[in-house]
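Given next are the chains, with one letter for each unit.
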Amino acid sequence: MGAMLRRLPIPVLSLILLLRAGGAAAQPGPQPATVHMSYTGTAYGLSVLKIDADLTMDGSAYRIDLAFHTVGLLAVFVSSEIHSTTWGSWQNGHAEPRRFWSWGHLRGAPRETLI
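Residues numbered from 1 in each chain as written. Predicted model: local features only at pLDDT ≥ 70, side-chain atom pairs only at ≥ 80, totals over all residues. Heavy atoms only, no water.

Looking at the confidence of the model for the protein chain
In plain terms, the rule: Values of pLDDT, the confidence the predictor places in each residue, fall between 0 and 100. Under the DSSP-based scheme used, a helix requires at least four consecutive residues in state H or I and a strand at least two consecutive residues in state E, with every element numbered from the N terminus. Here a residue-residue contact requires only that any non-hydrogen atoms of the pair lie within 4.5 Å.
Summary statistics for the protein chain give a mean pLDDT of 81 and a share of 75% for residues scoring 70 or more. Across the protein chain, the secondary-structure element scoring lowest on mean pLDDT is helix H1 (residues 2-7), at 46, and the one scoring highest is strand E3 (residues 61-70), at 95. In the model, residues 22-26 has pLDDT below 50 throughout and makes 0 contacts with residues more than four positions away in sequence or in other chains.

Remarks on the sheet that holds strand E4 (residues 80-91)
So the rule is basically this: For two strands to count as paired, DSSP must find a minimum of two bridges between them. Fitted lines through C-alpha atoms serve as axes, helices being fitted only where they are in contact, and the angles separating the N-to-C directions of these axes extend from 0 to 180 degrees.
Across the sheet, 6 strands lie side by side as E1-E2-E3-E4-E5-E6; this open sheet has antiparallel pairing. The sheet is open, and its two edges are formed by strand E1 (33-43) and strand E6 (109-114), each paired on a single side. The sheet shows a mean angle of 10° between the axes of neighbouring strands, taken without regard to direction. For E1 and strand E2 (residues 46-57), the ladder comprises 11 bridges, and the chain directions are antiparallel. Bridge pairing in E2 links Ser-38 to Asp-52.

Written as structure tokens, this is what we have:
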């Protein structure tokens, strides 16, 4: 096959190499892994808050979604619901945050942060 490639014109050889490289790049990589975590906080045996988090990671990026809200009897007196999302990439084994966004209401007052 080596002798056959040497006889091909340069444009044809270039096209073959580009198609091979494109085929390798088009193959899907591993899917990002997602972990879901839930936590219910209690006080004196009563549920007072709920936190849900989703962590999604692959070899080059990450995303964390967090939802917090008061529940039960506490929610009657202190109504709070906050959602936060952060995402970024991995650089030399360390997390490099790209964006942080948090929104919701805390004790009835609207809150929003975008960094």
